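# Overview (structure and organization)
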Amino acid sequence: MKSHSVWLTSRVSRRVPTEYFVLANLREQGAIIGRLAGHPIADTVVDASGSRYRYVGVATRDANGRFDFEALRAGEWIVQPGLVYAADGKAAPSKPLLSRRDRNPS
């Protein structure tokens, strides 16, 4: 199950639940390309709706040891135990993208 997320600012980052940036209930697809904390790293994972995500790295942590969600790019999600996967194709982005009308005119 994929949780919805919000755009973080330094003011709200501590209030946003971790679950908003974590993918769960995934199945591995493709090759196993490594291991982290005893867990396999699949090059691709698929969620229950069929959305695919590709491995892009290991999640960074903040000074308190928590995942640094502000370091995620649009379309990136954390998969336990601390892997980062990027949406592949039509998967929903982890950070909302601003449409032209939502941006402030300069």
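Just so it is clear, the model here is predicted, and its values are computed rather than measured.

Attention now goes to the overall build of the protein. A count of helices and strands for the protein gives 0 helices and 6 strands. Along its sequence from the N terminus, the protein presents helices and strands in the succession β-β-β-β-β-β. For the protein, with 106 residues in total, the buried portion stands at 32%. Taking contacts inside the protein between residues at least 6 apart in sequence as the whole, the part at least 24 apart equals 42%. Approximately 7200 Å² of the protein is accessible, and the part contributed by carbon and sulfur atoms is 50%.

The next subject is the environment of L72. Its location among the elements puts L72 in the loop between β4 (52-58) and β5 (76-79). For L72, a relative accessible area of 5% corresponds to the buried category. In sequence terms L72 and T60 are 12 residues apart; their C-alpha atoms lie 8.9 Å from each other.

Moving on to the sheet that holds strand β1 (residues 22-23). What the 6 strands build is an open sheet, ordered β1-β5-β6-β4-β3-β2; its pairing is mixed. At either margin of the open sheet sits one strand with a lone partner, and together these are β1 and β2 (27-36).

Bridge count for strand β3 (residues 39-46) against β4 is 3 bridges, and the pairing is antiparallel. Residue pairing for β4: V45 is matched across the bridge by Y53. Here β4 runs beside strand β6 (residues 83-88); their pairing, made up of 6 bridges, is antiparallel. Bridge assignment links Y55 to a residue of β6, and that residue is Y85.

This brings us to the side chain of E76. Note on placement: E76 falls in strand β5. A distance of 3.0 Å separates a polar side-chain atom of E76 from the backbone nitrogen of R73.

Moving on, we get to the pairing of β2. Of the strand pairs in this sheet, β2 and β3 are connected by 7 bridges, and their pairing is antiparallel. Directly across from I32, in β3, lies its bridge partner A42. Hairpin remark: β2 followed by β3, antiparallel, with 2 residues in the connecting loop; positive phi at A37, about 50°.

What follows concerns the pattern of salt bridges. Pairing is possible between side chains of opposite charge, provided their charged atoms come close. Scanning all chains against the criterion turns up 2 salt bridges. Taking the shortest distance from any N to any O, the salt bridge between D88 and R52 comes out at 3.6 Å. One end of the pair, D88, is in strand β6; the other, R52, is in strand β4, with 36 residues separating them in the sequence. Judged by its relative accessible area of 34%, R52 falls in the partly exposed class.

Cut-offs and rules
- Residues numbered from 1 in each chain as written.
- Predicted model: local features only at pLDDT ≥ 70, side-chain atom pairs only at ≥ 80, totals over all residues.
- Heavy atoms only, no water.
- Helix = DSSP H or I, 4+ residues; strand = E, 2+ residues; numbered from the N terminus.
- Buried < 20%, exposed > 50% of the residue type's maximum accessible area, 1.4 Å probe, protein only.
- Contact = heavy atoms within 4.5 Å.
- Areas by Shrake-Rupley, 256 points an atom, 1.4 Å probe, with all protein chains shown as cover.
- Pairing = 2+ DSSP bridges.
- Polar contact = N/O pair within 3.5 Å; in protein donor to acceptor, adjacent residues only side chain to side chain.
- Salt bridge = Lys/Arg side-chain N within 4 Å of Asp/Glu carboxyl O.

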